[in-house]
Amino acid sequence: MLNPQQSFVGPLLAWHEENGRHRLPWREPGRSAFEILIAEILLQRTTAASVSGAYLPIVARYPSPETVVAASPEAIERRIAPLGLAKRAEFIRRTSQQLIARHSGDVPRRYADLLELHGVGDYTARSVLIHAFDEDIAAVDTNVRRLISRFFDLPPDSEVLPHLADALAPSRRGSDFQHAMLDFAADVCTARTPQCETCPFGEHCRSSERAV
DNA sequence: AAATCGGGGGA
DNA sequence: TCCCCAGATTT
C-alpha cells in the first residue's frame, strides 16, 4: 500500500504537467494579488471556461481597488452579468472599499483578514493564500471534494476532508497541486460520467472497484 | 439550516 | 429537460 504522496500527489502532479489547463489567463505569471482575488470571486460557482472569456477585459479595466471604487457600479455589473450571480459586482466594489480603508489598497496575507472581505469565504480566502502568497495549503471546492472523497472513499460531506487536503499539499507546490486537483476533477474525475477507464490512478483509487 | 443568487454549457 | 459550475451571503 503506497502512501498518499506516492499514489495520489505524484501521479496527479504528473498528469497536470501534461494535461492541465495552463493557459487560463488568471494563472499567468505576474498576476497581482488583487487580480487573483478578482478571478477567484468570478470563479465562484462559475465554470473556468465561462470566466476565461470575461476576465481579461475586467482586470484590464479594473486592475486595482482604486479603479473599482472610481467606476460606476452599473458598469462593473454589466461586465459580470453574463457570468450570472451579478451581485458579485457589489462584492467586488465593497471588497475594494475595504482594501483601501483597512489595508492601504493591498490584499492582506492573513486568513482572518481575507475572510472579513465581503464576498470572500473560506474557499476564496484559501485560494488567494495559495496562488498569490504561495502557501502550501488546499482549498476544497465542489471539484476537490468530489475527487478526494472518491479517491479515499470518504463521504463527500466528511469533515476530515479539508484537513486531509491540507496535509496532501506538497511543499512549495501548493498552487500547482490546487490547480492539478481542479483540472483533474474537471476533465477526468467529473461529476456525472467520470473517465475511470483512462484514469491514471487505476486501482489506487479506492472507489475504482465500484461504480462511481 | 435553508433559501437565494444565475447565466451558460454538456449530456 | 435536468444537472452542474474554483461559493458566499442572507434569511
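Residues numbered from 1 in each chain as written. Chains lettered and ligands numbered in written order. Predicted model: local features only at pLDDT ≥ 70, side-chain atom pairs only at ≥ 80, totals over all residues. Heavy atoms only, no water.

Enquirer: What is the right way to look at the protein's contact with DNA strand C in this model?
Expert: Taken together, 28 residues lie around DNA strand C, and Trp26, Gly119, Thr124, Arg146 and Arg192 are the ones closest in. When the atoms of DNA strand C within 4 Å of the protein are grouped by moiety, sugar and phosphate amount to 63% of the total. In the environment of DNA strand C, a sugar or linking oxygen lies 3.2 Å from a nitrogen or oxygen atom belonging to the side chain of aspartate 141. Taken together, the residues that form the surface near DNA strand C break down as 10 nonpolar, 10 polar and 8 charged. (Near = heavy atom within 4 Å. Polar contact = N/O pair within 3.5 Å; in protein donor to acceptor, adjacent residues only side chain to side chain. Nonpolar A, V, L, I, M, F, W, Y, C, P; charged D, E, K, R; others polar.)

Enquirer: Would you explain the nonpolar core in this entry?
Expert: Across soluble globular proteins, nonpolar side chains have a tendency to be buried as a group. Counting 37 residues, the largest nonpolar core has Trp26, Leu37, Leu42, Val107 and Leu114 as its most contacted members. Counting only elements with at least two residues in this core, the list comes to α2 (33-42), α3 (48-61), α5 (73-80), α6 (88-103) and α8 (122-131). Ranked by residues supplied to this core, first place goes to α2 with 7 residues. In contact with tryptophan 26, other than residues within four places in its own chain, are Arg31, Ala39, Leu43, Ala48, Val51, Ser52 and Tyr55. One finds Phe151, Phe177, Leu182 and Ala185 within the second-largest nonpolar core, a separate group that totals 27 residues. (Core = buried A, V, L, I, M, F, W, Y, C linked by side-chain atoms within 4.5 Å. Buried < 20%, exposed > 50% of the residue type's maximum accessible area, 1.4 Å probe, protein only. Helix = DSSP H or I, 4+ residues; strand = E, 2+ residues; numbered from the N terminus. Contact = heavy atoms within 4.5 Å.)

Enquirer: Help me understand the packing of aromatic side chains, please; the structure alone is not making it clear to me.
Expert: The geometry of an aromatic ring pair comes down to the distance between the two centres and the angle between the two planes. This model, assessed by the stated rule, comprises 9 aromatic pairs. Ring geometry for phenylalanine 8 versus phenylalanine 152: centroids 5.6 Å apart, planes at 55 degrees, classification tilted. Remark: phenylalanine 152 occurs in the loop between α9 (142-151) and α10 (161-168) and phenylalanine 8 occurs in helix α1 (residues 4-19); sequence separation between them is 144 residues. Note on accessibility: phenylalanine 8 and phenylalanine 152 belong to one class, buried. (Phe/Tyr/Trp six-rings, centres within 6.5 Å; stacked < 30°, edge-to-face > 60°.)

Enquirer: Is there a simple way to think about the packing of α8 against helix α11 (residues 174-187) in this case?
Expert: In helix packing, the relevant descriptors are the interaxial angle and the interaxial distance, both defined with respect to the helix axes. Here α8 crosses α11 at 130 degrees, and the two axes come no closer than 8 Å. The orientation of α8 relative to α11 falls into the category oblique. Contacts between α8 and α11 involve Tyr123, Ile130 and His131 from the first element and Gly174, Ser175, Gln178, His179 and Leu182 from the second. By residue class, the composition of the contact of α8 with α11 is 3 nonpolar, 5 polar and no charged. (Axes fitted to C-alpha atoms, helices over the stretch in contact; angles between N-to-C directions. Parallel < 35°, antiparallel > 145°, perpendicular 65-115°, else oblique.)

Enquirer: Sorry, what's going on with the environment of leucine 182 here?
Expert: One can find leucine 182 in helix α11. Looking at leucine 182, the relative accessible area reads 12%, which means it is buried. Residues leucine 182 and histidine 16, 166 residues apart in the sequence, show an inter-C-alpha distance of 9.7 Å.

Enquirer: What am I meant to see in the side chain of threonine 190 here?
Expert: Mapped onto the fold, threonine 190 is located in the segment after α11. Residue class for threonine 190 comes out buried when judged on its relative accessible area of 17%. Excluding residues within four positions of it along the chain, threonine 190 makes contact with Arg146, Arg150 and Ala185.

Enquirer: Just checking my understanding: could you explain the state of the cysteines for this structure?
Expert: In the structure shown here, the tally under the stated rule is 0 disulfides. The closest cysteine sulfur to the non-disulfide-bonded cysteine 196 is located on cysteine 199, 6.5 Å from its own sulfur. Exposure remark for cysteine 196: the relative accessible area of 44% places this residue in the partly exposed category. In this structure cysteine 205 is not part of a disulfide, and its nearest cysteine sulfur, from cysteine 199, lies 6.1 Å away. Using a relative accessible area of 15% as the deciding quantity, one classes cysteine 205 as buried. (Disulfide = S-S within 2.5 Å.)

Enquirer: Would you explain the domain arrangement of chain A in this entry?
Expert: Accessible area lost upon the coming together of the parts is a frequently used measure of interface size. We note that the domain assignment places domain 1 (4-21 + 137-204) and domain 2 (32-131) within chain A. Centre-to-centre separation of domain 1 and domain 2, based on C-alpha positions: 26 Å. Each side of the interface is counted separately: domain 1 has 13 residues, and domain 2 has 8 residues. Taken together, the two surfaces of domain 1 and domain 2 that pack against each other cover about 790 Å², and 63% of this comes from carbon and sulfur. Joining domain 1 to domain 2, the criterion identifies 1 salt bridge. (Domains from an automatic or database assignment. Buried area = accessible area lost by both parts, 1.4 Å probe. Salt bridge = Lys/Arg side-chain N within 4 Å of Asp/Glu carboxyl O.)

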